[in-house]
Amino acid sequence: MQTDATIDHGHAEKPPHLRFQFSDSARQFHAAKFGMWLFLGQEVMFFSALLCAYAYYRNQFPVAWSMASHRINTTFGLLETIDLLFSSFTVALAIHFVRLGRRGITTLLLFVTLCCGLIFLCMHSYEYYTEWHEGLLPGRFFHPEAEWHLPMESAMFFSCYFFTTVLHSIHVIIGVGVLGVIMIFNIRGKYSPAYYTHVEVGGLYWHLVDLIWIFLFPLYYLVA
Amino acid sequence: MSLAAVEEEPRHPEGAEPDYIRGKSGVMSWVLTLDHKRIALLYLGTVTLTFFLGGVFALALRTELLVPENGVMDAMTYNRMFTLHGVTMVFFFMIPAIPGVFGNFFLPIMIGAHDVAFPRLNLASYYLYLAAVCLGLWGMIHGGTDTGWTFYTPYSTTTTTTVLPILAAAFVNGFSSILTGVNFIVTIHTLRADGMHWMRLPLFIWALYGTSVIQVLATPVIGITLALCAVEHFLGTGIFDPARGGDPILFQHLFWFYSHPAVYIMVLPAFGVASELVGAFTRKPLVGYRMIALSTFGIAFVGFLAWGHHLFTSGQSAVDAGVFGFLSMLIGVFTAIKMFNWVGSMYKASIVMAAPFIYTLGFFFLTVFGGMTGVALATISLDVHWQDTYFVVAHFHFIMAGAVVMMFLGALHYWFPKMFGKLYTEGPAMVGAVLVILGFIGTFTPQFFLGNEGMPRRYYSYPAHFQWLHVTSTIFAYILFLGLLLVLINLIVALANGKQAPNNPWGAPQYEWDIPSPPTEHNFPATPVINRDPYEYRGQEIIENAN
């Protein structure tokens with residue numbers, strides 16, 4: 001928080017959450033949301049460079065790409081997708097209820113969202129674990145079972161797959177951390193229908209994390 | 001700006017809010033400050049250091065090139081030096097310099113705000129930048145790298161030099177840049193004072209807006225590209241490795257998708273400063289405000305679509321090359337719109353000749369010739385001849401480095417009285433400005449000739465008949481360095497012994513000159529109401545400067 005609560009710029013009744021540089025809460029809320037949207041814009045560009053590499057190499061090695069895609073676990077991918085979609089729904093509900101001032105149910109919904117994030121991470125870790133054992137790894141670590149007849153170019157699939165999904169998982173970890181902090185703040189009574197910026201902005205970020213997965217799932221798991 | 005009450009009062013009346021420098025004291029009040037003006041000064045300290053460091057690397061290069069081969073260093077040291085010169089100047093000086101220092105200081109003041117929208121994020125941006133500089137320095141101390149600042153694969157993924165910390169530094173610096181961009185865009189949208197509608201926005205703010213859009217949308221691409229490069233170096237993932245089916249040209253595309261717009265991250269703020277300086281020193285309203293503002297977005301937008309001109313000789317199809325060449329030339333049109341309006345503003349004006357305006361003239365010269373050689377380089381048949389020669393080196397030093405250095409120094413002199421509340425001495429400042437401009441032009445003009453005659457860039461040795469051009473270039477590089485030293489000493493002396501600056505020592509029409517020098521902690525006693533255009537000249541007299 002700013003340490004300038006004593007400075008009065010002519011607003012006699014300043015709400016405690018209003019920073020000195022803003023004239024009113026609505027504008028401050030708008031600024032925070034707008035800032036997050038811009039940040040999401042940069043996240044999209046961040047992943048788009050990887051999708052560009054994906055498009056290029058898939059076009060170069062269509063057969064190797066399709067064969068490699070057969071080797072990753074579509075069932076797990078589908079379950080992860082459902083898990084994340086459900087978490088998007090719960091975080092949206094959390095924003096709805098914090099607006100109504102229902103602190104208890106907001107905490108519960110944030111907790112469910114957080115758990116969904118953790119479930120996703122566990123499932124994906126298990127996927128990585130099996131791929132590690134099967135030798136389905138990027139670049140020079142690629143050593144699959146000979147009977148699968150995977151061409152060497154499939155290594156490029158796994159390079160793209162690992163880099164993109166690990167980066168996405170890092171985003172999930174950050175999202176879980178952010179939502180965790182917001183949940184603790186909510187338990188401590190920081191938010192009210194007059195001020196719930198963190199919940200809204202954190203929710204926006206979580207939606208983006210889910211949205212990226214919605215693209216990654218068909219691109220990596222379903223191209224076969 | 002309706003600040004009549006402030007203008008009539010003495011600068012520091014009893015009981016008034018103290019200025020931002022004397023308001024708080026102690027080390028912690030600086031390192032943990034959330035005040036945009038103090039953060040700007042933190043940036044100023046750091047970019048001055050990186051500018052000096054980059055300059056020392058450059059002088060080492062020029063000294064080596066005095067003789068055709070085996071001068072003061074071996075070939076490997078030379079390779080490291082030009083890499084460190086490029087990395088330091090591009091990532092640690094030119095990208096953060098003008099937005100970090102003058103953007104931070106003046107953006108809120110110019111739009112009538114008390115601070116940026118997210119002050120803590122602003123401080124975080126600074127520390128990310130500082131962390132990047134420290135990482136970079138750490139890498140340099142541990143041997144540095146020899147890839148060139150472009151980190152082209154597959155060389156950068158196979159070199160045995162310390163490339164990882166330098167890549168990490170550029171990556172971290174990118175986040176600083178992105179967060180600054182987000183902060184500035186949100187500030188411009190949400191914190192404009194009443195009456196500050198879009199067509200009253202000072203042109204420096206328009207320039208920062210365009211810059212911020214590029215920072216937010218282009219920087220993440222270099223981030224991911226450098227990360228791919230680092231992972232490949234570390235783990236051999238093969239994304240850019242031809243031996244594993246990877247394509248090094250993909251790296252070039254992704255790299256230039258950022259690094260070409262990055263040229264405008266560096267140069268658009270310089271254009272913005274030029275508009276402010278022309279507005280202040282021509283003593284009449286600026287010509288073509290709307291055109292200058294809108295051409296900024298022309299440059300920012302088309303800048304995203306021109307990266308392919310770096311790959312004319314990388315196996316690009318003729319059609320692609322033609323399209324990229326055409327789009328690159330279009331940027332010249334938008335820049336020319338600005339240039340004609342600046343020159344039009346100077347026509348029949350009673351120009352005040354002071355150090356900041358001398359830098360502006362230097363900027364005009366470098367931008368015109370740097371820009372026109374850029375249009376020439378966008379012509380495919382000519383580029384094939386000039387690709388990777390000193391001609392390209394001279395071109396981008398004129399337009400990119402030259403424009404930024406001129407306007408960084410111009411802005412520093414122009415806003416110095418407002419930032420520090422002190423007047424500098426005009427005489428040495430003008431001599432310094434002339435030395436810097438002559439030094440700069442003299443350093444790079446011979447390099448146009450060298451390049452045209454076929455001298456490739458980044459070469460350690462050269463045929464003996466090129467020597468006189470190299471020697472000339474080196475002599476002027478030392479003159480440039482002397483000029484910069486004079487500027488530094490003059491400003492340090494002014495900081496220590498300068499006279500107290502009045503609110504508006506230049507008699508400039510812009511908003512920021514209405515508030516006290518230096519400003520108070522929250523810039524304005526109350527949120528101001530803007531009731532005039534930014535370049536509406538009101539017949540202010542220049543209050544006699546220090547000499």
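The number of helices and strands found in chain B is 16 helices and 0 strands. In summary, chain B has a C-alpha radius of gyration of 23 Å against a globular reference of 24 Å for 547 residues, a match within 12%. Projected onto its principal axes, the C-alpha coordinates of chain B cover approximately 70 × 45 × 45 Å. Counting every position in chain B, which comprises 547 residues, the buried fraction comes to 58%. Within chain B, contacts between residues separated by at least 24 positions form 86% of all contacts whose residues are at least 6 apart in sequence.

Looking only at helices and strands, one finds 6 helices and 0 strands in chain A. In sequence order, the secondary structure elements of chain A are arranged as α-α-α-α-α-α. The C-alpha atoms of chain A give a radius of gyration of 22 Å, which is well past the 17 Å a tight globule of 224 residues would have. A burial count over chain A gives 37% of its 224 residues as buried. Long-range pairs, those at least 24 residues apart, make up 74% of the contacts in chain A between residues at least 6 apart in sequence.

This part is about the packing of helix α3 (residues 74-99) of chain A against helix α6 (residues 197-221) of chain A. Residues and elements named next belong to chain A. Here α3 crosses α6 at 160°, and the two axes come no closer than 9 Å. As far as their axial angle goes, α6 and α3 are roughly antiparallel. The chirality of how α3 crosses α6 is left-handed. Seen from α3, the contacting residues are Thr74, Gly77, Thr81, Leu84, Leu85, Ser87, Ser88, Val91, Ala92, Ala94, Ile95 and Val98; seen from α6, they are Val199, Glu200, Gly203, Trp206, His207, Asp210, Trp213, Ile214, Phe217 and Tyr221. A per-class count over the contact of α3 with α6 returns 13 nonpolar, 7 polar and 2 charged.

If you look at the interface, chain A gives 32 residues, while chain B gives 35 residues. The leading source of residues in the side of chain A that touches chain B is helix α1 (residues 25-60) of chain A, at 16 residues. Considered class by class, the residues forming the side of chain A that touches chain B number 18 nonpolar, 11 polar and 3 charged.

We now examine helix α14 (residues 390-420) of chain B. Side chains that are three or four residues apart share a direction in an α-helix, a result of its 3.6 residues per turn. By the largest-angle criterion, Tyr414 of chain B marks the main kink of α14 of chain B, which is about 45°, and a proline, Pro417 of chain B, follows within four residues. Downstream of α14 of chain B by a residue or two, Gly421 of chain B has a phi angle that is positive, lying close to 70°.

It is worth spelling out the confidence of the model for chain B at this point. For residues with low pLDDT, the predicted coordinates do not support detailed interpretation. Residues and elements named next belong to chain B. Looking at chain B as a whole, its pLDDT mean stands at 92, while 95% of the residues score no less than 70. Contacts from residues 1-14, a stretch scored under 50 in pLDDT, to residues over four places away or in other chains number 17 contacts. Predicted confidence is poor over residues 543-547, with pLDDT under 50, and the contacts of this stretch with residues over four places away or in other chains come to 14 contacts. At the level of chain-chain contacts, confidence expressed as ipTM amounts to 0.91, with global pTM at 0.93.

Turning to the nonpolar core, a few remarks are in order. Within the largest apolar cluster, 237 residues are counted, with the highest numbers of intra-cluster contacts made by Ile98, Ile111, Ile205, Val267, Ala403, Val404 and Met407 of chain B. Those residues in contact with Met407 of chain B, other than ones at most four positions away along the chain, are Ile98, Ala270, Val273, Ala274, Tyr359 and Phe363 of chain B.

Residues and elements named next belong to chain B. With respect to the helices, strands and loops of the structure, Ile111 is situated in the loop between α4 (75-110) and α5 (119-141). As for Ile111 and Leu191, which are separated by 80 residues in sequence, their C-alpha atoms are 7.3 Å apart. Aside from chain neighbours lying at most four places away, what touches Ile111 is Ile188, Leu191, Arg192, Ala193, Met196, Leu201 and Ile205.

Residues and elements named next belong to chain B. Running from N to C, helix α3 (residues 36-64) and α4 point in directions that differ by 155°, and their axes come no closer than 8 Å. Relative to α4, the element α3 lies roughly antiparallel. In the packing of α3 onto α4, the handedness of the crossing is left-handed. The class makeup of the residues in the contact of α3 with α4 is 23 nonpolar, 7 polar and 2 charged.

All names here are of chain B. Residue Pro154 is reached from Thr153 by a cis peptide bond, and omega for that bond is 0°. Here Pro154 lies in the loop between α5 and α6 (155-158). Of note in the backbone geometry, Asn70 takes a positive phi value of approximately 50° without being a glycine. When you line up the elements, Asn70 lands in the loop between α3 and α4. A tally of 11 C-beta atoms within 10 Å means that Asn70 is categorised as exposed. You will see that Arg283, though not glycine, has its phi angle at about 55°, which is positive.

On to the confidence of the model for chain A, then. In this model, chain A carries a mean pLDDT of 91, and residues with pLDDT of at least 70 account for 94%. Below a pLDDT of 50 lies the segment residues 1-11 of chain A, which in the model reaches 10 contacts outside its immediate sequence neighbourhood of four places, other chains included.

All names here are of chain B. Take Glu453: it is sitting in the loop between α15 (426-452) and α16 (467-497). What makes Glu453 partly exposed here is the crowd of 14 C-beta atoms within 10 Å. Linking Glu453 and Phe466, residues 13 residues apart in sequence, is a C-alpha distance of 8.9 Å.

Relative to the elements of secondary structure, His149 of chain A occurs in the loop between α4 (103-134) and α5 (154-187). In this structure the C-alpha to C-alpha distance between His149 of chain A and Leu118 of chain A, which are 31 residues apart in sequence, comes to 35 Å.

Rules and cut-offs
- Sequence order as written defines the numbering, with residues in each chain counted from 1.
- Note on labels: chains are lettered from A, ligands numbered from 1, in written order.
- In keeping with the model being predicted, local features are shown solely for residues with a pLDDT of at least 70 and side-chain atom pairs are shown and tallied solely at 80 or more, while totals for entire chains, interfaces and linings include all residues.
- Only DSSP runs of H or I with at least four residues qualify as helices, and only runs of E with at least two residues qualify as strands; both kinds are numbered from the N terminus onward.
- Within these notes, the globule rule equals 2.2 Å times the number of residues to the 0.38 power, and the radius of gyration is based on C-alpha atoms.
- In this scheme the burial state of a residue depends on its C-beta neighbours within 10 Å: 20 or more other such atoms mean buried, 12 or fewer mean exposed, and anything in between means partly exposed; the C-beta positions come from the backbone.
- We call two residues in contact if the C-beta atoms placed from their backbones are at most 7 Å apart.
- With axes taken as lines fitted to C-alpha atoms, and helix axes fitted only over the stretch in contact, angles between N-to-C directions fall between 0 and 180 degrees.
- Each angle receives one of four descriptions, namely roughly parallel if under 35 degrees, roughly antiparallel if over 145, roughly perpendicular if within 65 to 115, and oblique otherwise.
- Crossing handedness follows the turn of the near helix against the far one: under a right angle anticlockwise gives a left-handed crossing, and clockwise gives a right-handed one.
- Each residue is assigned to one class: nonpolar for Ala, Val, Leu, Ile, Met, Phe, Trp, Tyr, Cys and Pro, charged for Asp, Glu, Lys and Arg, and polar for all the others, Gly among them.
- The bend reported for a residue corresponds to the angle between axes fitted to the seven residues ending at that residue and the seven starting there.
- Per residue, pLDDT measures the predictor's confidence, with a range of 0 to 100.
- Nonpolar cores are built from buried Ala, Val, Leu, Ile, Met, Phe, Trp, Tyr and Cys residues. These are joined into a set through C-beta atoms within 7 Å.

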